[in-house]
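Residue-level structural notes
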Amino acid sequence: MSGTSEGPAPAADLIRPAVTESKSGASPRADFPGSERSGFPDSGKSRRSEPSGESPERTPSGESNGPYDPVESGKSRRPGASSEPVEFSLSAELIGHVGSRKPGPVSEPVEFSLSGGSSEPGASADPVEPGESLAPLDSPEAGRYGSAFSAAPLAMAVVDRDGLVVSANDSFGALLGKPGAALTGMVAAELMDLKSDARTWDAYREVLGGRQAKLSCTRRVKHPDGHVLWVQVSAAPLAAEEHGVLLSLTDISARRELQARLRHLEMHDPVTRLPNRTLFFERLSAALEAESYEQGGTGRIGLCYLDLDGFKAVNDTLGHRVGDRLLAAVAERLTRCADEAGYARASSPLVARLGGDEFALLVEDSTGTDQLADLAESVLKALQAPFDLSGQRLSLSASIGVVERHASGTTATGLMQAADTTLYWAKADGKSRWTLFDPERNAHRMTRQALASTLRPAIERGEFTLEYQPLVGMETGRLRGVEALVRWNHPQFGMLTPNRFIGLAEEDGSIVQLGRWVLVTACRQARRWQLDHPDEAPIFVSVNVAVRQVWDSDLVADVAETLAETGLAPHLLQLELTESAVMGSAGRPLQALQALSDMGVHIAIDDFGTGYSNLAYLSRLPVSVLKLDGSFVRGFQYEGEGVAPNPADEVIVEAMIQLAHRLGLSVTAECVETSAQATRLRRIGCDTGQGWLYSRPVTPDRISELLGTKACNQAS
């Protein structure tokens, strides 16, 4: 055996067999050292072997005291079947591991002999049954080995095949709060709580039965003085003839405590000390697992998703240090709200910081939307009180999205998406409020998102079409022009009106491409009507233009190119812009409108009277037509027979018409639906009318039929 150690040897490998020729001729015996099997006497002198570095001791027959090798001996030796005694050598690894000396070269190997049995060659040793006491050793080496076992800092115990402690050293006893000798005869599994875990208990029994090589597990042990220990348990069988198992315990409480502290740091936000996003989703996923709600509770889950209003301004003006202190103060108030909400309940809501100024309150086993609504309301009230941060008084509000539903069938991703959507609604509705998730509203949002994602490809696929609504002269009742209204023939949602997709097109910029297509198609159709009805006065076509078309494209060049391509005269084209878009025009938009007016194109202000209504702009903008909003015209309706109309509506409309005429502008009334409205509008001087009284939006063929006829007999 080498005099240097490669490292601490496993506890089960500390005993190694060696074969020497007995000088007394006694045959070997398979007894373990000690008065009981696996017991270790502490008395007796140990015999030193020859110093290290010299040749191994030679027997009279010339054989060396080397490790037992069945290949060299030419036959396999079994205890009790050989005339040669079996000795065990305590290796250098053992001395370095359990003694007070450091691992290193050992000058003298320590051996002890398992003596006894028959002296006749080939005689078998007496069999040793499990639980039977082993005969004591007379050799002095056993004392050296027993002393090493007793003094070893590693907690070790030998257990028989029945699981009873045969011998335990003082380190083992110290971990369990009892003297090592007092543990003899006790059930080892109960000492280390191995039965509490079914898998560990089964594996331990396999080791006791010799059907498994080893076991390693971590157990939680309660010390008699009350504190709790975490120990690493290792179990490995001794040699087959020893019928025992060596247990070793390592106190890993400090390591577990360090791991717990590191996990806490990993799972908590350093600013607010609240659970962070990782821990939040860990808890959320666990709450949505079937076994967590099938065993009891309401089977529901709720979430308040919180975002601070205007927090970015605090960071930008006062700095991130003040912002962090504000976040910590907010966290304290949220925690207080959660504690109050959890009073008299099984548990309080989990408060977590998800990042930035976003927080979440997770309610497991919620009782319904009322519980979540009350929690959200308490949070809003708690945050309304000013925050005093070192003399700086700050006021803050929050927007909260509230979701409450059955846990079954819900995923963490789906719940967070719903909460995020609802939070967006709360901000869009005016902030400083909570909003409850609405499935119908969410379905509309999903539809809107689906439309936005397919809008541009739909233009390229030609899914859009135009319908035209007549503009009728109030005096003559004859068709004077049409307004082009775009429709989307969606393959999934059917025919969609402009209010379903124009806003989306303006948001993503596709309104430029769509508006160009509408302009070209409408001008081409107006020119075709002119060619198909040469005997009739040509009608103009009115096209709606979004303000983004003026900013993001060269509208003047597009109009000029379209008129040249289609051959339509400029005065037969009218471009409609909303009042809010035109009244704020300056710079490039104003120059574009002026260039179009100089070209001969008419400019109309749509929905006049509902926006800024800045009359000063009318004298500076190149406007030729005002289109009165339908809300004024609807006031002209009789609510019932014998009920007079509101005179104020008529006064306002009449004043706007007179003002427009004084400025040289013509006036079109929208939403004309009854003959009584038409009569009153005609009496106060309105030039043209548009509405269902004359016609709904129709196809180009229907417009061809209306040419040369009165659009509506009731208006005549």
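Bringing the packing of helix 8 (residues 277–287) against helix 13 (residues 412–428) into the picture now. Helix packing for two helices is described by the angle between their axes and how far apart those axes are. Look at helix 8 against helix 13: their axes get within 10 Å of each other, and the N-to-C directions meet at 115 degrees. Across the interface between the two elements, Phe280, Phe281, Leu284 and Ser285 from helix 8 touch Ala412, Leu415 and Met416 from helix 13. In terms of residue class, the contact of helix 8 with helix 13 is built from 6 nonpolar, 1 polar and no charged.

Another point: the pairing of strand 4 (residues 155–160). Successive side chains on a regular strand alternate, one facing one side of the sheet and the next facing the other. Within strand 4, 6 of the 6 residues are buried, which leaves it mostly tucked inside the rest of the structure. Alternating residues of strand 4 divide into Ala155, Ala157 and Val159 and Met156, Val158 and Asp160, and every residue in both groups is buried. Pairing of strand 4 with strand 8 (residues 244–251) involves 6 bridges; the strand directions are antiparallel. Residue Val158 lies in a different strand from strand 8, and its bridge partner there is Leu246. In the sheet, strand 4 pairs with strand 5 (residues 165–168) via 3 bridges, with the strands oriented antiparallel. If you follow Ala157 over to strand 5, its bridge partner there is Ala168.

Opposite charge on two side chains lets them pair, provided their charged atoms get close. Per the stated rule, a full pass over the model turns up 23 salt bridges. Residue Arg680 is joined to Glu650 by a salt bridge in which the shortest nitrogen-to-oxygen separation is 2.4 Å. Linking Arg680 in helix 23 (residues 675–683) with Glu650 in helix 22 (residues 647–662), this pair joins segments that are 30 residues apart in sequence. Residue Arg680 is classed as buried on the basis of its relative accessible area of 4%. Look at Glu650 and you get buried, because its relative accessible area is 17%. Put simply, Glu483, Glu576, Lys627 and Glu670 are held in one network by salt bridges that share partners.

Moving on, we get to the packing of aromatic side chains. Taken as a whole and assessed by the stated rule, the structure comprises 7 aromatic pairs. An angle of 90 degrees between the planes, with centres 5.8 Å apart, marks the rings of Trp488 and Phe501 as edge-to-face. With a gap of 13 residues between them, Trp488 in strand 17 (residues 479–490) and Phe501 in the loop between strand 18 (494–496) and helix 15 (502–508) connect regions that are remote in the sequence. Classification of Phe501 by relative accessible area gives buried; the value is 0%. Taken together, the ring pairs connect Phe464, Trp488 and Phe501 into an aromatic cluster. Over the ring of Phe437 we find Arg405, and its NZ or CZ is 5.4 Å from the ring centre.

Right, let's talk about the confidence of the model for the protein for a bit. One rule of thumb: low pLDDT means the predicted coordinates there are not for detailed reading. Across the protein, the average pLDDT comes to 79, with 74% of residues at 70 or higher. Long-range and interchain partners of residues 1–138, a stretch whose pLDDT sits below 50, account for 250 contacts in this model, where long-range means more than four residues apart. This model gives residues 712–716 a pLDDT under 50, and the stretch forms 10 contacts once residues within four places in sequence are excluded.

Side chains of nonpolar character tend, in soluble globular proteins, to be buried together. Counting residues in each nonpolar core, the largest one holds 51 residues, and the members touching the most others are Phe464, Val541, Val559, Leu573, Leu575 and Ile703. Ranked by residues supplied to this core, first place goes to helix 16 (residues 511–532) with 9 residues. Apart from residues lying up to four places away in sequence, Phe464 is in contact with Leu455, Ala458, Ile459, Val486, Arg487, Trp488, Phe501, Leu514 and Trp517. With 33 residues, the next largest nonpolar core counts Leu274, Val363, Ala376 and Leu383 among its residues.

Let us look at the environment of Lys312. Its place among the elements puts Lys312 in helix 10 (residues 311–318). Take Lys312: its relative accessible area is 60%, and that puts it in the exposed class. Sequence-wise, Lys312 and Gly323 are 11 residues apart; in three dimensions their C-alpha atoms are separated by 8.6 Å. In this structure the side chain of Lys312 is engaged in a polar contact, spanning 2.7 Å, whose partner is the side chain of Asp316.

Moving on to the sheet that holds strand 15 (residues 434–436). Pairing between the strands of a sheet comes from backbone hydrogen bonds, and it takes one of two forms, parallel or antiparallel. As summarised here, the arrangement of the 5 strands in space is 10-11-9-14-15, forming an open sheet in which the pairing is mixed. Every interior strand has two partners, whereas the edge strands, strand 10 (350–355) and strand 15, have only one. Neighbour to neighbour, the strand axes of the sheet diverge by 20 degrees on average, direction disregarded. Across the sheet, helix 12 (residues 369–384) is in contact with strand 9 (300–309), strand 11 (358–364), strand 14 (397–406) and strand 15; its angle to strand 14 comes to roughly 165 degrees.

Here the focus is helix 12. An ideal rise of 1.5 Å per residue puts 22 Å on 16 residues; helix 12 measures up with 23 Å between its terminal C-alpha atoms. Listing the buried residues of helix 12 in full gives Gln371, Leu372, Ala373, Leu375, Ala376, Val379, Leu380, Ala382 and Leu383. Buried residues along helix 12 sit against strand 9, helix 11 (320–341), strand 11, strand 12 (387–389), strand 14 and strand 15.

Its place among the elements puts Thr435 in strand 15. Setting aside residues no more than four positions away along its own chain, Thr435 makes contact with Ile400, Gly401, Val402, Thr422, Trp425, Ala426, Asp429 and Arg441.

What follows is about the packing of helix 10 against helix 11. Between helix 10 and helix 11, whose axes approach to 7 Å, the crossing angle comes to 140 degrees. Relative to helix 11, helix 10 is oriented oblique. Every residue of helix 11 that contacts helix 10 at Phe311, Val314, Asn315 and Leu318 is listed here: His320, Val322, Gly323, Leu326 and Leu327. Considering only residue class, the contact of helix 10 with helix 11 consists of 6 nonpolar, 3 polar and no charged.

Right, let's get into the pairing of strand 14. By the criterion of burial, strand 14 is predominantly enclosed, with 7 of the 10 residues buried. When strand 9 meets strand 14, the two strands line up antiparallel, connected through 10 bridges. By the bridge assignment, Leu303 is partnered in strand 14 with Val403. Two strands pair when backbone bridges link them, and strand 14 and strand 15 are joined in this way by 3 bridges, in the parallel orientation. Considered in strand 15, the bridge of Ile400 is made with Trp434. In this fold, the crossover linking strand 14 to strand 15 by way of helix 13 has left-handed handedness.

Quick notes on the rules
- Residues numbered from 1 in each chain as written.
- Predicted model: local features only at pLDDT ≥ 70, side-chain atom pairs only at ≥ 80, totals over all residues.
- Heavy atoms only, no water.
- Axes fitted to C-alpha atoms, helices over the stretch in contact; angles between N-to-C directions.
- Helix = DSSP H or I, 4+ residues; strand = E, 2+ residues; numbered from the N terminus.
- Contact = heavy atoms within 4.5 Å.
- Nonpolar A, V, L, I, M, F, W, Y, C, P; charged D, E, K, R; others polar.
- Buried < 20%, exposed > 50% of the residue type's maximum accessible area, 1.4 Å probe, protein only.
- Pairing = 2+ DSSP bridges.
- Salt bridge = Lys/Arg side-chain N within 4 Å of Asp/Glu carboxyl O.
- Phe/Tyr/Trp six-rings, centres within 6.5 Å; stacked < 30°, edge-to-face > 60°.
- Lys NZ or Arg CZ within 6 Å of the ring centre and 35° of its normal.
- pLDDT = per-residue confidence, 0-100.
- Core = buried A, V, L, I, M, F, W, Y, C linked by side-chain atoms within 4.5 Å.
- Polar contact = N/O pair within 3.5 Å; in protein donor to acceptor, adjacent residues only side chain to side chain.
- Expected span 1.5 Å × (residues − 1).
- Parallel < 35°, antiparallel > 145°, perpendicular 65-115°, else oblique.
- Right-handed = clockwise from strand over helix to strand, strands pointing away.

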